[in-house]
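# Examining the three-dimensional arrangement
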Amino acid sequence: MLLSQKFDLEFPSLKRNINENKLVYLDSAATTLLPKRVANRVYEYSLNHRSNVHRSSHTLAAESTLLLEETRDLLKDFLNASSSKEIIFTKGTTESINLVAYSLAISNFFNDGDEILLNSLEHHANFVPWQQIGKNFNINTKVFKNKDGIFNESEYLNNINKKTRLVAITAHSNVTGQIIDIKDLIKKIKNINEKTLILIDAAQYVPHHEINLKELNADFVAFSGHKMLAPGGIGILWGKKKILNDMNPFLFGGEMIDQVDYEDTSFNILPYKFEAGTPNMEGISGLNEAIKIIDEIGFDLISDHISDITQYAINKLNKLDFIELYGPKDSSQFGIISFNLKNIHPHDVSHLLNDLTGIAIRSGHHCAQLIMKDIGIQSSCRASFYIYNDKNDVDKLYNGLIKVWEWLK
Ligand code: PMP
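The structure presented is a predicted model; accordingly, all values stated were derived computationally and were not measured. (Residues numbered from 1 in each chain as written. Predicted model: local features only at pLDDT ≥ 70, side-chain atom pairs only at ≥ 80, totals over all residues. Heavy atoms only, no water.)

### Notes on the environment of Lys 240
What counts is decided by this rule: A run of H or I in DSSP counts as a helix once it spans at least four residues, and a run of E counts as a strand once it spans at least two, with each numbered from the N terminus. Burial classification: accessible surface area is computed with a 1.4 Å probe over protein chains only, and a residue below 20% of its type maximum counts as buried, one above 50% as exposed, and the rest as partly exposed. By definition in these notes, contact holds between two residues if any of their heavy atoms fall within 4.5 Å. For this analysis, a polar contact is any N or O atom pair within 3.5 Å, provided that within protein one partner can donate a hydrogen and the other can accept it, and provided that sequence-adjacent residues contribute only side-chain to side-chain pairs.
Structurally, Lys 240 is set in the loop between strand S10 (235-239) and helix H9 (241-246). The partly exposed category is assigned to Lys 240, whose relative accessible area is 24%. When the C-alpha positions of Lys 240 and Leu 301 are compared, they lie 29 Å apart, and in sequence the two are 61 residues distant. Look past the residues within four positions of Lys 240 in its chain and what remains in contact with it is Glu 86, Lys 190, Asn 217, Ala 218 and Asp 219. One polar contact links Lys 240 to Asn 217, side chain to side chain, over a distance of 2.9 Å.

This is the structure we're talking about:
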């Protein structure tokens, strides 16, 4: 049974027909569908409570402010963070990571000879910001390459040394679906160099797995609402309070200030000093509901369900001799299947799959051109799963791919 049905969640998009076929949505790694409950919550907030936050004392403003801070508290519990002040609202993972990279650079966190260790597995959002601050601020960056696109922890750890000031790494590849055991990795990195700061790109990880920040010992974690049942344009940055306090803001404006004078400005306390301007309250109201839904289902059920579908899909698609699958193809692969049909461009596959069968997958380089180079391809098809999918969807994909192959071979 679908997890979404078991928890009485309605996803109106799934009632749509694409041509004559019922939509099968296999693109949740890009963006999940929106539950009606979340849409209703945004609607209710927008019609009855919408106003700006923190600035006025009227009832609507007080309600909006309460919702903002309630959601921050909810996130604190969701992540088991030490303090709500460590939770910063952003536009998404991309903005969260850019915020950390640029703020650290302008706050002189990097000394001569320090290195930033990057990884070819990364989404561009966790590579380009570091590459660019490296160039602009003269900080050494080193990139770990993943043979055949598979992350190898012990080889990676050989790159950590006393000069490693920061590592930026994903917990879950958006191309191969490989899960990195970040808890173990962080422990090992900090054993080699306790001063190394660790940023985890959890955009793919957080929608499926519990993160316990008190146990994890990461320094920063970034993720996006739209990959976990919330609306677009809302994201989270969590950082350790001590480090965030030492970082200078780089976005200036309303809300992030304490006192503004003709000569200079002093800044607000955490988390507000990193939240310049009016927040995305529609996004926050939806995120609030999305977290409640995920909490109600529970990560045990979510991760078992998705793991089950993934292993079923690996076994099933592996039987098709015209398909090449990428990634570990074992229990470390989760939620995502990347593949190509022999000698056929992935855009043609996804196009035809959509038109002939109503199955939505993604094709392209998935904003991860480096891992594509490691695998030796330019692009791939990607099917990804969430709580409204089940093994029937994999069967439909399997049959759909046979149909597409018959058309295009
Ligand atoms: N990191 C990973 C691993 C991702 O999958 C994505 C989204 N595809 C991002 C970062 C960027 O997220 P956003 O576009 O929401 O900022």
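Now that the structure has been shown, the text picks up again.
### Observations regarding the UniProt feature "domain: Aminotransferase class V" (unreviewed entry) in the chain
Quick note on the threshold: UniProt positions are given in the numbering used here, feature names are shortened, and annotations may be inferred rather than shown by experiment.
The feature "domain: Aminotransferase class V" (unreviewed entry), as given by UniProt, occupies residues 24-397 in the numbering adopted here. Taken as a whole, residues 24-397 contains 39% helix and 17% strand, while its terminal C-alpha atoms sit 9 Å from one another.

### Details of the sheet that holds strand S9 (residues 220-224)
Our working rule: What makes two strands pair is DSSP finding at least two bridges between them. With axes taken as lines fitted to C-alpha atoms, and helix axes fitted only over the stretch in contact, angles between N-to-C directions fall between 0 and 180 degrees.
Pairing is mixed across the open sheet formed by 7 strands, whose spatial order is S4-S10-S9-S8-S7-S5-S6. Two strands bound the open sheet, and with one partner strand each, they are strand S4 (87-90) and strand S6 (140-144). For this sheet the average axis-to-axis angle between neighbouring strands, irrespective of direction, equals 20°. As paired strands, strand S5 (residues 115-119) and S6 are joined by 5 bridges and run parallel to one another. By the bridge assignment for S6, Glu 115 is matched with Asn 140. Relative to S5, helix H5 (residues 128-137) is tilted by about 150°, and along the sheet it contacts S5, S6, strand S7 (164-170) and strand S8 (197-201).

### Considerations on the packing of helix H2 (residues 36-48) against helix H10 (residues 281-297)
A pair of packed helices can be characterised by two numbers: the angle between their axes and the separation between those axes. Operational definition: Crossing handedness is defined as follows: a turn of the near helix away from the far one that is anticlockwise and smaller than a right angle gives a left-handed crossing, while the clockwise case is right-handed.
The contact between H2 and H10 brings their axes to 8 Å, and the two run at 145°. Viewed along their axes, H2 and H10 form a crossing whose handedness is right-handed. Note on element contacts: H10 touches H2 through Met 281, Glu 282, Ser 285, Gly 286, Asn 288, Glu 289, Ala 290, Lys 292, Ile 293 and Glu 296, opposite Arg 37, Val 38, Arg 41, Val 42, Tyr 45 and Ser 46.

### Considering the pattern of salt bridges
Two side chains bearing opposite charge may form a pair once their charged atoms approach each other closely. What counts, and what does not: Whenever a carboxyl oxygen of Asp or Glu lies within 4 Å of a side-chain nitrogen of Lys or Arg, that contact is scored as a salt bridge.
Enumeration over the complete set of coordinates arrives at 22 salt bridges. With its nearest N and O atoms 2.7 Å apart, the salt bridge here joins Asp 184 to Lys 188. Taken together, the residues Asp 184 and Lys 188, both in helix H7 (residues 182-192) and 4 residues apart, mark about one turn of the helix.

### Notes on the site of the ligand
Note the following rule: Nearness of a residue to a molecule or strand requires only that one of the residue's heavy atoms be within 4 Å of it. Using a 1.4 Å probe, accessible areas were evaluated by the Shrake-Rupley method; residue-level cover was limited to the displayed protein chains. Gly is placed with the polar residues, together with every amino acid not listed as nonpolar (Ala, Val, Leu, Ile, Met, Phe, Trp, Tyr, Cys and Pro) or charged (Asp, Glu, Lys and Arg).
Looking at the ligand, the residues that line it are Gly 92, Thr 93, Thr 94, His 123, Ala 125, Asn 174, Asp 201, Ala 203, Gln 204, Ser 224, His 226 and Lys 227. Within the side chain of His 123, a nitrogen or oxygen atom sits 3.2 Å from a nitrogen atom of the ligand. Interatomic distance of 2.7 Å between a side-chain N/O atom of Gln 204 and an oxygen atom of the ligand. Surface burial for the ligand is 86%, taken as the share of its 400 Å² of free accessible area covered by protein chains. Of the residues contributing to the shell around the ligand, the split by class is 2 nonpolar, 8 polar and 2 charged.

### Focus on unusual backbone geometry
For residues that are not glycine, phi is negative in most cases, and the peptide bond is trans in most cases. Cis geometry marks the peptide bond from Leu 270 to Pro 271; its omega dihedral reads -5°. Assignment of secondary structure puts Pro 271 in the loop between strand S12 (265-267) and H10. Unusually for a residue other than glycine, Asn 19 sits at a positive phi of about 55°. As for its position among the elements, Asn 19 is in the loop between strand S1 (17-18) and strand S2 (21-22).

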